[in-house]
Amino acid sequence: MSVTRVDKDPNALTMTITAAFDAPVGAVWQMWENPRRLERWWGPPTYPATVVDHDLIPGGRVTYFMTGPEGDRYSGWWLVIAVDAPHRLEFEDGFADDDGNPDPDMPVTMTRVVLTEQANGGTLMAIASTFPSTEAMEQIIAMGAEEGMTLALDQIDELLRDEGGVG
Amino acid sequence: MAAQEQVDLLFHALADATRRDIVMRTMQGEHSISSLARSYAMSFAAVQKHVALLERAELVIKRRQGREQLVRGNVEAIRDVHALLDQFEAVWRSRIDRFGEILATDWNEGGTT
């Protein structure tokens, strides 16, 4: 059990999730810094991620795609804002088209990762995600399809979109 | 109601094709239970059961007008920010579960670099 707390601030559209690990900070950082490790946890088993570019420097890009059971692909990107290895990583996280180019119609989340050494030799990891708007949050969560909560939300999203189109 | 319980209810409610269809229809406009029963060739009681489940999951809102029970979709529920954050939390929780498992395995194997 590694998640120690979750803080949600609906007004700021921010969620912060904190987890504790027995491993030292360097090993936890590797989970982000090493693309082969990153792709093992970023996507769920049914939609494994493949990291293409991985340039963890300010202004650098990380690009990846996830492949579904039907061979369907979902591409995404990060734009690295700040890096301070092995303690801090900030990036914008968005969706991409089939060619891996950022999709301007899709929302962007701001993600801030902070790793802190613990007295017991372990590491605390805090991940804060901030959405630009409620609509953006809906869209992002609908894209969270892979986590198995999709069917429902996709259909409802589609419905709401259709309604919006008529009105 | 606990968030997890609410999410469970929501997915249980939407796991059935008829119930999903009821949500779709009632999001577009108010329907009486008897008119829904006609569209599905189902008994009034059967549709009423489906509607009750949807109501508990807060996906629809029911009101009474004379003898009729009218049902409409609860768009606000779907748009509820708290609910959305709960969904997002689930995404990150599963990521962190995988993260922790990989880390534990790799680190115990001697902290590969």
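In this text the structure is predicted, and so the values were computed from the model without any measurement.

Criteria and thresholds
Residues numbered from 1 in each chain as written. Chains lettered and ligands numbered in written order. Predicted model: local features only at pLDDT ≥ 70, side-chain atom pairs only at ≥ 80, totals over all residues. Helix = DSSP H or I, 4+ residues; strand = E, 2+ residues; numbered from the N terminus. Buried ≥ 20, exposed ≤ 12 C-beta atoms within 10 Å, placed from the backbone. Contact = placed C-beta atoms within 7 Å. pLDDT = per-residue confidence, 0-100. Pairing = 2+ DSSP bridges. Axes fitted to C-alpha atoms, helices over the stretch in contact; angles between N-to-C directions. Core = buried A, V, L, I, M, F, W, Y, C linked by C-beta atoms within 7 Å. Parallel < 35°, antiparallel > 145°, perpendicular 65-115°, else oblique. Left-handed = near helix turned anticlockwise from the far one by under 90°. Nonpolar A, V, L, I, M, F, W, Y, C, P; charged D, E, K, R; others polar. Expected span 1.5 Å × (residues − 1). Arc of directions from axis to C-beta.

**Considerations on the overall build of chain A**
Then, number 1: Broken down by element type, chain A carries 4 helices and 8 strands.
Then, number 2: The linear arrangement of helices and strands in chain A, starting from the amino end, is β-β-α-α-β-β-β-β-β-β-α-α.
Then, number 3: Scored against the burial criterion, the 167 residues of chain A give a buried share of 27%.
Then, number 4: Look at the contacts in chain A between residues 6 or more apart in sequence, and 36% of them connect residues 24 or more apart.

**Some points on the overall build of chain B**
Then, number 1: Of regular secondary structure, chain B possesses 6 helices and 3 strands.
Then, number 2: Listed by position from the N terminus, the elements making up chain B come as α-α-β-α-α-β-β-α-α.
Then, number 3: When burial is assessed residue by residue, chain B has 27% of its 113 residues classed as buried.
Then, number 4: Relative to all contacts within chain B whose residues are 6 or more apart in sequence, the contacts with residues 24 or more apart total 51%.

**Some words on the confidence of the model for chain A**
Then, number 1: On average, residues of chain A score 82 in pLDDT, and 82% of them are at 70 or above.
Then, number 2: Scored below 50 in pLDDT, residues 163–167 of chain A shows 0 contacts in the model against residues more than four places distant or in partner chains.

**As for the sheet that holds strand β7 (residues 109–117) of chain A**
All names here are of chain A.
Then, number 1: The strand order across the open sheet built from 8 strands is β1-β2-β8-β7-β6-β5-β4-β3, with neighbouring strands paired in antiparallel fashion. Looking at which strands have only one partner, the edges of the open sheet turn out to be β1 (3–9) and β3 (49–54). If you compare each strand with its neighbour and ignore which way they point, the axes differ by 20° on average.
Then, number 2: Relative to strand β8 (residues 123–130), β7 is paired through 8 bridges, and the arrangement is antiparallel. Following the sheet pairing, E117 is matched in β8 by T123.

**Topic: the nonpolar core**
Then, number 1: Membership of the largest hydrophobic core comes to 36 residues, with the highest contact counts inside it found for F21(A), V28(A), M31(A), F88(B) and L103(B).
Then, number 2: Mapped by element, the contributors of at least two residues to this core are β2 (14–21), α1 (25–33), α2 (35–41), β4 (61–67), β5 (73–84), β6 (88–96) and α3 (134–143) of chain A together with α6 (81–108) of chain B.
Then, number 3: Broken down by element, this core gets its largest block of residues, 8 residues, from α6(B).

**Comments concerning the packing of helix α3 (residues 33–40) of chain B against helix α4 (residues 44–56) of chain B**
All names here are of chain B.
Then, number 1: At a minimum axis distance of 9 Å, the contact between α3 and α4 shows a crossing angle of 110°. Judged by the inter-axis angle, α3 sits roughly perpendicular to α4. Considering how the two elements wind past one another, α3 and α4 form a crossing that is right-handed. Only F44, V47, Q48 and V51 of α4 make contact with α3, whose side of the interface consists of I33, S34, L36, A37 and Y40.

**Digging into the packing of helix α2 (residues 17–28) of chain B against α4(B)**
Any two packed helices are characterised by the angle at which their axes cross and by the distance between the axes.
All names here are of chain B.
Then, number 1: In contact at an axis separation of 10 Å, α2 and α4 are set at 70° when each is read in the N-to-C sense. One element, α2, and the other, α4, form an angle in the roughly perpendicular class. Here the hand of the crossing between α2 and α4 comes out right-handed. Between α2, through T18, R19, I22 and V23, and α4, the contact on the second element is made entirely by H50, V51, L53 and L54.
Then, number 2: For the contact of α2 with α4, the residue count by class is 5 nonpolar, 2 polar and 1 charged.

**Notes on the environment of T123(A)**
Residue and element names in this part refer to chain A.
Then, number 1: Structurally, T123 is set in strand β8.
Then, number 2: Taking the C-beta count within 10 Å as the criterion, T123 has 23 such neighbours and is therefore assigned buried.
Then, number 3: Taking the C-alpha atoms as reference points, T123 and A20, separated by 103 residues in sequence, lie 5.8 Å from one another.
Then, number 4: Setting aside residues no more than four positions away along its own chain, T123 makes contact with F21, A23, P24, V25, V28, L115, T116, E117 and Q118.

**Topic: the confidence of the model for chain B**
Then, number 1: In the predicted model, chain B carries a mean pLDDT of 81, and 81% of its residues have values of at least 70.
Then, number 2: Both scores are available for the predicted complex, with the pTM at 0.63 and the ipTM at 0.77.

**Some thoughts on α4(B)**
All names here are of chain B.
Then, number 1: In this model, α4 (13 residues) spans 18 Å end to end at C-alpha, consistent with the 18 Å of a helix rising 1.5 Å per residue.
Then, number 2: When we look at burial in α4, the residues that qualify are V47, H50, V51 and L54. The arc enclosing the buried residues of α4, seen along the axis, measures out at 95°, which places them on a common side. Exposed residues on α4 whose side chains face more than 90 degrees from its buried face are A45 and A52.
Then, number 3: Positive phi appears at E58, one or two residues downstream of α4, with a value of about 65°.

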